[in-house]
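Examination of the molecular architecture
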Amino acid sequence: RLNAEVHVEAWTGKGLVKNAFNLCNIFGKETLPQLLDRTLATSKSPLWDFDWIPHAVLIDCGGDDYKKAKTTSEEKFSDAYTD
């Protein structure tokens, strides 16, 4: 057993530079970098206060930046990833 606590922040269709559903705006225009400080997924406040620090962080992102025929450039993706 890892004896670790869990907090899940899960989004569908969100990318680092552009979202999968960008044209129809189903889930809002915010990209992942604009959402990471939120405590609750659908609310702009309260923001995460970083008092609780997880033992591990798993991030699976970027797939939605490359889902459509017009993909995100490598430069824009790298800039957003390292920002």
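Regarding the overall build of the protein chain
- Check the secondary structure of the protein chain and you find two helices and zero strands.
- When burial is assessed residue by residue, the protein chain has 20% of its 83 residues classed as buried.
- In the protein chain, once contacts between residues fewer than 6 apart in sequence are set aside, the share between residues at least 24 apart is 48%.
- When the accessible surface of the protein chain is summed, it comes to about 6900 Å², and 55% of that surface belongs to carbon and sulfur atoms.

Some details on unusual backbone geometry
- The amide bond that connects Ser45 to the next residue, Pro46, takes the cis arrangement and shows omega of 0°.
- Structurally, Pro46 can be placed in the loop between helix H1 (32–35) and helix H2 (74–82).
- Phi at Asn3 takes a positive value of approximately 55°, unusual for a residue other than glycine.
- As for its position among the elements, Asn3 is in the segment before H1.
- Even without being a glycine, Phe50 presents a positive backbone phi close to 60°.
- Position of Phe50 relative to the elements: it lies in the loop between H1 and H2.
- Exposure remark for Phe50: the relative accessible area of 52% places this residue in the exposed category.

Points about the environment of Ile53
- Position of Ile53 relative to the elements: it lies in the loop between H1 and H2.
- Judged by its relative accessible area of 63%, Ile53 is exposed.

Quick look at the pattern of salt bridges
- Counted by the stated rule, this structure contains one salt bridge.
- In this structure, Glu30 engages Arg38 in a salt bridge whose closest nitrogen and oxygen atoms are separated by 3.3 Å.
- On the basis of relative accessibility, which here comes to 23%, the residue Glu30 falls in the partly exposed class.

Comments concerning the environment of Val8
- If you trace the backbone, Val8 turns up in the segment before H1.
- Look at Val8 and you get exposed, because its relative accessible area is 61%.
- Taking the C-alpha atoms as reference points, Val8 and Leu58, separated by 50 residues in sequence, lie 9.6 Å from one another.

Calculation rules
Residues numbered from 1 in each chain as written. Predicted model: local features only at pLDDT ≥ 70, side-chain atom pairs only at ≥ 80, totals over all residues. Heavy atoms only, no water. Helix = DSSP H or I, 4+ residues; strand = E, 2+ residues; numbered from the N terminus. Buried < 20%, exposed > 50% of the residue type's maximum accessible area, 1.4 Å probe, protein only. Contact = heavy atoms within 4.5 Å. Areas by Shrake-Rupley, 256 points an atom, 1.4 Å probe, with all protein chains shown as cover. Salt bridge = Lys/Arg side-chain N within 4 Å of Asp/Glu carboxyl O.

Shape is all these values report; function is a separate question.
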